Amino acid sequence: MITTTDLTKVYRSRGREVTALDGVDLHVREGEVYGVVGQSGAGKSTLIRCVNLLERPTSGTVSVAGQDLTALAGRGQRAGSALRQARSRIGMVFQHFNLLSSRTVRDNVELPLEILGISGKERTRKALELLDLVGLGDKAKAYPAQLSGGQKQRVGIARALAGDPKVLLSDEATSALDPETTRSILQLLRDLNEQLGLTVLLITHEMDVVKTICDSAALMRDGRVVESGKVTELLATPGSELAQALFPVGGVPSGEDRTVVDLTFQGEAATKPVISQLSRTYNIDISILGAAMETVGGHQVGRMRIELPGRFEENVVPIGFLREQGLQVDVAGVADGPRANPTPLLKEGAK
Ligand SMILES: Nc1ncnc2c1ncn2[C@@H]1O[C@H](COP(=O)(O)OP(=O)(O)OP(=O)(O)O)[C@@H](O)[C@H]1O
């Protein structure tokens, strides 16, 4: 549904150049919710603005629903009519809602329909239908100032759906909301995705957002996509930074001669009594340093950090046993070391 090929964006101002996007290839399948995460300055906002050509990429192509948007003339406010038409089918939701305070809720939702030249009666019908869809049927006559943050974002979502888009872009839509409101907005986005078959591309700095609603995710750093894939597959990828950030397990080894192993289990593997089998088969004592069970992308996933006595070389066979049981096994300090001592994906203070 959305494909970017070798997308590059270089900002030039006062003789300085900033490469915000550096050869980004993104593939978002029809009907999926796709999350882009990364530290502040990684290029996430630039990417989303390039996807609907609010920002014209320096090179590379963007196609949405099979249409090459980069081939259409104009940019930003000066987009040609073909680009404006194409853009009207891409909804966009913003962190700070961007509602017009002097207009009622209904008039805010009608605005894009006015721009599309839709008649007054039809506009009103459509706006009321959309407000019902987002659960705000009774707020049509209210003004934005009379609404809570979550309600304002619902209006923003209704407005984004006015052009019957196939694609919804969300730029930190829940960042200004409290956790409970965030959950309800994410649920709304998920419902719309399922009911309308809407493809959603969202950028966020909250790993919880990815965990709650994303089917796939990409990690950006310095203008590049450094990791991407379906969330469940990333969780099964040794050394995946995204998996570690989505699902951190803590716990420090109790001494020097110990092997620390991170286990990820999903599906059938989650139901087997693997730890007791391991202990019995090899007659070893196992300490559990940390563990968590969560629902990721609608699937139950467990992570556990365990400690085995002895160095890695002495534990090759038990580790092989764990792998044979269908668990993903990452050994701290060996081969896939970053998982055991990961660089924080989103450092403190990062937006
Ligand atoms: N209009 C602009 N002119 C010049 N440089 C820009 C412009 N917009 C963004 N940049 C630069 O491009 C880089 C990527 O910025 P971008 O806003 O896309 O990152 P981001 O990952 O969305 O960060 P944040 O989470 O803080 O919004 C940064 O170095 C930023 O300073």
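None of the values given here were measured: they were computed from a predicted structure.

### Considering the overall build of the chain
No. 1: From N to C terminus, the chain includes 11 helices and 14 strands.
No. 2: C-alpha extents for the chain along the principal axes are approximately 80 × 50 × 35 Å.
No. 3: Each of the 351 residues in the chain was classed as buried or not, and the buried ones make up 38%.
No. 4: At a minimum sequence separation of 6, the contacts of the chain that also span at least 24 residues come to 69%.

### Observations concerning the sheet that holds strand β4 (residues 59-64)
Think of a sheet as strands paired side by side through backbone hydrogen bonds, with each pair either parallel or antiparallel.
No. 1: Pairing in this open sheet of 4 strands is antiparallel, and the strands run β2-β1-β4-β5 from one edge to the other. Strand pairing shows two members of the sheet lacking a second neighbour, β2 (16-28) and β5 (67-68), which therefore form its edges.

### Observations concerning the domain arrangement of the chain
No. 1: For the chain, the assigned domains are domain 1 (2-235) and domain 2 (241-339).
No. 2: Listed per partner, the contact involves 12 residues of domain 1 and 13 residues of domain 2.
No. 3: Of all elements in the fold, only α7 (207-213), β9 (216-221) and α8 (231-235) reach the threshold of two or more residues within the side of domain 1 that touches domain 2.
No. 4: Ranked by the residues each element gives to the side of domain 1 that touches domain 2, the list is headed by α8, at 4 residues.

### Some words on the sheet that holds strand β8 (residues 199-203)
No. 1: Strand order in the open sheet formed by 6 strands is β6-β7-β8-β3-β9-β10, and the pairing between neighbours is mixed. Every interior strand has two partners, whereas the edge strands, β6 (90-94) and β10 (224-230), have only one. Neighbour-to-neighbour, the strand axes of the sheet open up by a mean angle of 15°, direction not taken into account.
No. 2: Looking at chain direction, β9 and β10 are connected through 6 bridges and run antiparallel. Looking across to β10, one finds that L219 is bridged to E227.
No. 3: Where helix α1 (residues 44-51) meets the sheet, its contacts fall on β3 (33-38), β7 (167-171), β8 and β9, and the angle it forms with β8 comes to roughly 150°.

### Overview of the site of the ligand
No. 1: Among the 14 residues in the neighbourhood of the ligand, the closest are listed as Y11, A20, S40, S45 and T46.
No. 2: Counting residues per element, the shell around the ligand draws most heavily on α1, which supplies 3 residues.
No. 3: Of the residues contributing to the shell around the ligand, the split by class is 4 nonpolar, 8 polar and 2 charged.

### Structural notes on unusual backbone geometry
Comment: phi is negative for the bulk of residues other than glycine, and the bulk of peptide bonds are trans.
No. 1: At A65, a residue that is not glycine, the phi angle is positive and equals roughly 50°.
No. 2: Structurally, A65 can be placed in the loop between β4 and β5.
No. 3: Here N283, not a glycine, exhibits a phi torsion of approximately 50°, which is positive.
No. 4: Considering the arrangement of structural elements, one finds N283 in the loop between α10 (274-282) and β12 (287-296).
No. 5: Taking the C-beta count within 10 Å as the criterion, N283 has 6 such neighbours and is therefore assigned exposed.

### Quick notes on helix α6 (residues 179-196)
Note that an α-helix has 3.6 residues per turn; residues three or four places apart therefore point the same way.
No. 1: When the terminal C-alpha atoms of α6 are compared, their 25 Å separation across 18 residues agrees well with the 26 Å that a helix rising 1.5 Å per residue should span.
No. 2: If you check which residues of α6 are buried, you get T182, I185, L186, L189 and L192. Buried residues of α6, seen end-on, are gathered within an arc of 120° and therefore sit on one face of the element. Residues of α6 that are exposed and point over 90 degrees away from its buried face: E180, Q187, E194 and Q195.
No. 3: Buried residues along α6 sit against α5 (149-160), β8 and α7.

Rules used in this analysis
Residues numbered from 1 in each chain as written. Predicted model: local features only at pLDDT ≥ 70, side-chain atom pairs only at ≥ 80, totals over all residues. Helix = DSSP H or I, 4+ residues; strand = E, 2+ residues; numbered from the N terminus. Buried ≥ 20, exposed ≤ 12 C-beta atoms within 10 Å, placed from the backbone. Contact = placed C-beta atoms within 7 Å. Pairing = 2+ DSSP bridges. Domains from an automatic or database assignment. Axes fitted to C-alpha atoms, helices over the stretch in contact; angles between N-to-C directions. Near = placed C-beta within 6 Å. Nonpolar A, V, L, I, M, F, W, Y, C, P; charged D, E, K, R; others polar. Expected span 1.5 Å × (residues − 1). Arc of directions from axis to C-beta.

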